[in-house]
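Topology and contacts: notes
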Amino acid sequence: MNESNTNEDIYNVDDIFEIEVNNSTYDLVYDSGCFHHLPPHQRLKYLDLLSKALKSNGFFGLTCFAPGGGSDISDWEVYRKNSLQGGLSYTEEKLKKIFSKNFEVIEFRKMKEIQQFT
């Protein structure tokens, strides 16, 4: 953080669809646990918000459920069951299909498993 701007907000924690975002504000937007909790009909609104928020050549990072780590139901089943069942899982192919229209995928990888201490 720049010492001359010590009171500047560098993080926002809020409902993503309720915050007011100025165009080209952020160098980086990092989503850890939001996207996989959005129903399918909100994906376009989410992508629009990301595109608006990021500066030109900005970066977007995403951590979300992979198959086996969340609900493996289809978009249709979300509405038929009226539930995300705790959060949707996404294959690499599906994520690339959703995000590649708005973003260049630079890296795609699974999270490293870490040993949990009890």
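Residues numbered from 1 in each chain as written. Predicted model: local features only at pLDDT ≥ 70, side-chain atom pairs only at ≥ 80, totals over all residues. Heavy atoms only, no water.

**Section: the overall build of the protein**
From N to C terminus, the protein includes 3 helices and 2 strands. N-terminal to C-terminal, the α/β element order of the protein is β-α-β-α-α. By its C-alpha atoms, the protein is 50 × 40 × 25 Å across when sized along the principal axes. For the protein, the exposed area adds up to about 9300 Å²; of that, 49% sits on carbon and sulfur atoms. Measuring between centres, the 13 positive side-chain charges of the protein sit 9 Å from its 18 negative side-chain charges. (Helix = DSSP H or I, 4+ residues; strand = E, 2+ residues; numbered from the N terminus. Areas by Shrake-Rupley, 256 points an atom, 1.4 Å probe, with all protein chains shown as cover. Lys, Arg positive; Asp, Glu negative; His and termini not counted. Charge placed at Lys NZ, Arg CZ, Asp CG, Glu CD.)

**Looking at the packing of aromatic side chains**
Counted according to the given criterion, the structure contains 7 aromatic pairs. For the ring pair Phe35 and Phe99, a centre distance of 5.1 Å and an interplane angle of 55° mean the geometry is tilted. You can see Phe35 sitting in the loop between strand E1 (26-32) and helix H1 (43-53) and its partner Phe99 sitting in helix H3 (residues 92-99), a full 64 residues away along the chain. As far as burial versus exposure is concerned, Phe35 and Phe99 are alike and both buried. Centroid distance Phe60 to Phe99: 5.4 Å. Interplanar angle 35°. Geometry classified as tilted. Note that Phe60 is positioned in strand E2 (residues 54-63) and Phe99 in helix H3, a separation of 39 residues in sequence. A connected cluster of aromatic rings, assembled from ring pairs, spans Phe35, Tyr46, Phe60, Tyr90, Phe99 and Phe103. (Phe/Tyr/Trp six-rings, centres within 6.5 Å; stacked < 30°, edge-to-face > 60°. Buried < 20%, exposed > 50% of the residue type's maximum accessible area, 1.4 Å probe, protein only.)

**Describing the confidence of the model for the protein**
Put simply, the protein has an average pLDDT of 89, and 91% of its residues get 70 or more. Considering each helix and strand of the protein separately, the mean pLDDT is smallest for E1, with a value of 94, and largest for helix H2 (residues 75-81), with 97. (pLDDT = per-residue confidence, 0-100.)

**Some thoughts on the side chain of His36**
If you trace the backbone, His36 turns up in the loop between E1 and H1. Residue classification places His36 among the buried residues on the basis of a relative accessible area of 5%. With residues up to four places along the chain from it excluded, the contact list for His36 reads Thr63, Cys64, Phe65, Gly87, Leu88 and Tyr90. (Contact = heavy atoms within 4.5 Å.)

**Comments concerning H1**
Every buried residue of H1 is listed here: Arg43, Tyr46, Leu47, Leu49, Leu50 and Ala53. End-on, the buried residues of H1 take up no more than an arc of 160°, which puts them together on one face. With respect to the buried face of H1, the exposed residues turned more than 90 degrees away are Leu44 and Asp48. Contact partners of the buried residues in H1: E1, E2, H2 and H3. (Arc of directions from axis to C-beta.)

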